[in-house]
Structure formats: structure tokens, C-alpha cells
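Remarks on the overall topology
So you can see what is in the structure, the chains are spelled out below.
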Amino acid sequence: MVLLEAKSRVGGCASAFPVKGFRFLAGATTLIGLEPDMPLGRVLAELEISFDAPVAQKNISVWQHGAPLTLTRDAAANHEVLTRHHGADFARFWAESAQLGARGWGLITELHFPPRGPGDLLGAAGNAKAWGMLPALLRTTASKLAGAGAITDDARTLLDELLLVSTQARAAHTPYLFGALGMEYLQRPLYLARGGLSSLLEHLADQFVARGGTLKLDTALTGYARGATGFHVDTPSGGFDAQHLVLNLTHWDAQRLASPELAPVFAGTIKRHPDAWATCTQYLGIEDVFGPDAAPYHQVLLEQPLPVSGGHSVFVTLSRPDDRSMAPAGFRAVTMSCHAPARDWEGLSDAEHADRKAKVSEELLGALAVAFPAVQGASKPVVMPGTPKTWEGFTGRKGGRVGGLAFDYATLRRGYPTGRTGVAGLVRVGDTVFPGQSVPACAWGARRVISELR
Ligand SMILES: Cc1cc2nc3c(=O)[nH]c(=O)nc-3n(C[C@H](O)[C@H](O)[C@H](O)COP(=O)(O)OP(=O)(O)OC[C@H]3O[C@@H](n4cnc5c(N)ncnc54)[C@H](O)[C@@H]3O)c2cc1C
């Protein structure tokens, strides 16, 4: 088995890179679901791979109007804090949603969705849990919230921005069941691995090699076609034949690299799913002005959307204060990101792009200062912004579309891609394949796609 990786390190959106003695997480930072009954935990158990990491004491602080609301694994404490900030009705809505979300995680590992045929449909029809959750799939999160009582605008904004991170869509477009999963994950154990989430991906790559796989770093797939034994694969260092081809590519990029004969198999998916979110990011190697008690994750909600970056909120991850693999003593490695419309970054000249990139840096630093004013005067050996163009170069994804597909009604109606291409032996995995975005979702999606290949 051969794994081609275009870059010098594995992980893509969930990789890490070194700069000036710091280690930065490129994009993905929150790791959930290592428990054996969760999708990622189950995949790891099936592969007999163990990965231990301490669990965060505080999960996330959400900053609104400059004040933090901190969520933890303790549902009762969350209820109290949500009541204090947003009233009893919103806290009740949250608690009910989190309970539904917890039941929903169980269902993901029990059912085959999307169904492969009548057998899977019958299985779902006979599952009492699935029937019980159907109403939550058929209504939006916003409609459920509307019936929850006295809900403030601030509570609605909070929910919208939290859901955007987990479902890639706001409450008005997110089916309630998925919204509930997105709320529940914020009070799950969050694992703070040494070296960050990327160390899991690096561990998986090591395991792949230890078990006889061939990992070819710095080796991009530059094209593929039907071949003598299945497929012919091209790389800059030569071509080879493969019986099966698993493309960890978005539908846009799978089409771009396909031979003229195979390219049309992606046309339908591209037509149905023409866009995805991009991101603006910033990496800071910064003096530790956060203090030992700060939560590892922060989401800063802004009064106005950022004019250039486009986000209404910024997600911030602080490296563990004791993790010397990520930052020298007295410093932190910080990853910040916000959702950005990919189309805003297309067709820019180099000068326009450089100008916008500098503004992204200022905007994201300003957003962090809303929560931690001391960052303005802090020593910052590294300040490194990233734009959708940066991400295009980094991941090879068209337009830097790293947001997977929104988990909204529009995507479901058009049919979430399953990874099947209609060509025997040729499949796709990754976050534009059901169940989509996040490391656990990609792991679960890949498990499903590969089981169909056998
Ligand atoms: C800013 C941001 C924050 C996120 N936060 C979280 C989070 O906190 N928690 C979480 O679980 N998820 C998070 N995610 C989502 C998560 O990172 C992704 O869903 C997941 O990592 C996507 O994996 P993938 O394999 O589909 O694609 P990618 O990560 O894009 O990986 C594709 C890999 O293929 C390689 N490649 C591309 N083209 C070629 C080619 N032609 N030849 C060879 N190799 C190639 C790339 O270099 C890359 O290594 C975040 C994503 C972003 C962008």
C-alpha cells in the first residue's frame, strides 16, 4: 500500500509546522472522541492503535462583548453559566440539545448513512433510536430555538457562531440534530495531546509505515487514468500502476487531476456542491500573557464582521503552557482562524493579495486583543497570517476551500457525496465526503468508504 503526500509532512489541514522554535497547528486543533464508543475511538480500536492524551479542565471560553463564558465537561456547571449569561430558557434549550446530541453520536456508529441500499434502509427503519431522532432531522436548529422561550439576540448570535465552527452553517440552515451534535461536542472531553492534535496524525503515519505501508512524502499525485491493473498514477518522480485508488481530494481537485476519460465522473458532484468555506488564519509565537488558567480554546465574537477576513468570530487555540514541543518557556504557540468566503480571494493581483494579507494579520490580532488586551504589547517572535491563497498552496485545494461541505439542508437535499465515484476501485475520502469536516468525521468517512472497496 502506497500513500502519496505532496508535502514534507502528513496531516494537511490537521498538520503542524515549525517556525523559529515554535510548532504551529495549521488548522485543526480540537480533538474529541477518543472514547471507544465514539467514531474516532472505534476506528482507532479497530486498527489496534492507542493514543493517549490528557483531557482539558476547561473546554472553551466564548467571548461576547469582551466577557468570557466558559464551558467545561460539567453539564450542570454549563447550565448554571448559560443561565447567568443568557437566561433560563436558553440554558434549558442547550441542556436538552446536548442530551439529544449525546444520543446522536451513538446513532452515527450504529447506522450506515447514507444507506447503500434496501438493507441499510430496513436497518434504519427498524432502529427505534433513529425514528426517535427523525423529527430533529426535519426541523432547523433555529426553529427549535424559536420555540424555546425568551431567547436574547446575544444567545442567537452565540449559537450561530458556535455552529459555524462545528456544522459550517448557522442555526437557520442547520438541521436540529446536527446542531445538537455541535452543541454537545463542546461539553465532551477535549484531548490536549502533547504537540497538539497533529501528533495524532503523525502517530497514524508512523503506524502505517510500521505495518508495512510505504509513505512517500514530497510526492504529489499529478494525474491519474485507467491503467493495466486498474489505474495508472503519475508523480513528478515517475508513474506506477495501482489496483485501487483512494483519492483524499475534494471533488474539484479529483476532477482537476483526472484523465479526460475519468474527469466527467466528478461533474455531477461539482454541479451539486459548487462552493465551500475558505479560511483566514494567523499563527503567533507570543509571550504568555494568557495566564495558567486560560482555557485552551477561545472563540471571540465580534460586534462587526472583520472587513477583510470576513469572519464574525475568531477561533483561537493556545498551546498547553507546559508543552515545550510547541513553544519555549514563557511563550505560547497560538493558532487563530475565521471563516472566509473563498470567492472574495479569487482573481487578486499579487499586490492586492499582499495588501489584504497584511490587513488579515491586523484584524486577527485586534480580535485576540478583545479577549486579551495584553497581546498588543506582548513580545511576538512569530506573526504569520494565512489567507485562502496560502491554504491553496498548502493543501492543494482549489481556492483554499478547506471548509468541507456545510452540514445544512441545502447540502443534504443535493445529496452529501458518499465517496463513491461510479468507477470500480476508484473512491474518494476526506471532508467533502460524508460525514464531512473534522478529523473524527474524516476517519469515520474513510472507514465507511474503504469497507465498500473490499
Ligand atoms: C482552520 C481550520 C480549523 C479546523 N479545526 C478543526 C478542529 O478543531 N478539529 C477537527 O477535528 N477538525 C478541524 N478542522 C477540519 C479538519 O482539519 C479537516 O476536516 C480534516 O483535517 C480534513 O482532512 P482531509 O484529509 O479531508 O483533507 P486535507 O487535510 O486537505 O488533507 C489532504 C492531504 O492530501 C495532500 N494532498 C493534496 N493534494 C495532493 C496531491 N495531488 N498529491 C498528494 N498529496 C496531496 C495534502 O497535502 C494533505 O496532506 C479544521 C479545518 C480548518 C481549515
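Quick caveat, the model's predicted, so the values are computed rather than measured. (Residues numbered from 1 in each chain as written. Predicted model: local features only at pLDDT ≥ 70, side-chain atom pairs only at ≥ 80, totals over all residues. Heavy atoms only, no water.)

**Section: helix α15 (residues 439-453)**
Its 15 residues place the ends of α15 21 Å apart at the C-alpha level, agreeing with the 21 Å of an ideal helix rising 1.5 Å per residue. Looking at α15, one finds that the buried residues are Val439, Pro440, Ala441, Ala443, Trp444, Gly445, Arg448, Val449 and Leu453. Among the structural elements, β4 (31-32), α1 (39-46), α3 (88-110), α9 (198-210), β12 (245-247) and β18 (426-428) are those in contact with the buried residues of α15. With a side-chain oxygen positioned 3.1 Å from the backbone nitrogen of Ala441, the residue opening α15 is Ser438. (Helix = DSSP H or I, 4+ residues; strand = E, 2+ residues; numbered from the N terminus. Expected span 1.5 Å × (residues − 1). Buried < 20%, exposed > 50% of the residue type's maximum accessible area, 1.4 Å probe, protein only. Contact = heavy atoms within 4.5 Å. Polar contact = N/O pair within 3.5 Å; in protein donor to acceptor, adjacent residues only side chain to side chain.)

**Focus: the sheet that holds strand β9 (residues 223-227)**
Here we have three strands laid out as an open sheet, ordered β9-β10-β11, and antiparallel in their pairing. Of all the strands in the sheet, just β9 and β11 (238-242) have a single pairing partner and so form its edges. Going across the sheet, the axis of each strand differs from the next one's by a mean of 25°, ignoring polarity. (Pairing = 2+ DSSP bridges. Axes fitted to C-alpha atoms, helices over the stretch in contact; angles between N-to-C directions.)

**Some remarks on the pattern of salt bridges**
Counted under the stated rule, the structure contains 23 salt bridges. Where Arg320 meets Asp322, a salt bridge forms, and the shortest distance between an N and an O atom there is 3.0 Å. Here the salt bridges share partners, and the residues they tie into one network are Asp275, Arg343, Glu346 and Arg401. (Salt bridge = Lys/Arg side-chain N within 4 Å of Asp/Glu carboxyl O.)

**With respect to the domain arrangement of the protein**
Here the protein is partitioned into domain 1 (2-52 + 195-273 + 401-453), domain 2 (74-187) and domain 3 (277-388). For domain 1 versus domain 3, the distance between C-alpha centres works out to 27 Å. With 18 residues of domain 1 at the contact, the number on the domain 3 side is 27 residues. For the pair domain 1 and domain 3, the summed buried area comes to about 1,700 Å², and 64% of that belongs to carbon and sulfur atoms. The largest share of the area that domain 1 buries against domain 3 comes from Phe22, Phe24 and Arg401, three residues that together contribute 36% of it. Where domain 1 touches domain 3, the interface holds one salt bridge. Among the ionic pairs, Glu346 bridges to Arg401, the shortest N-O distance being 3.0 Å. Where domain 1 meets domain 3, there are ten residue pairs in polar contact (both at pLDDT 80 or more). (Domains from an automatic or database assignment. Buried area = accessible area lost by both parts, 1.4 Å probe.)

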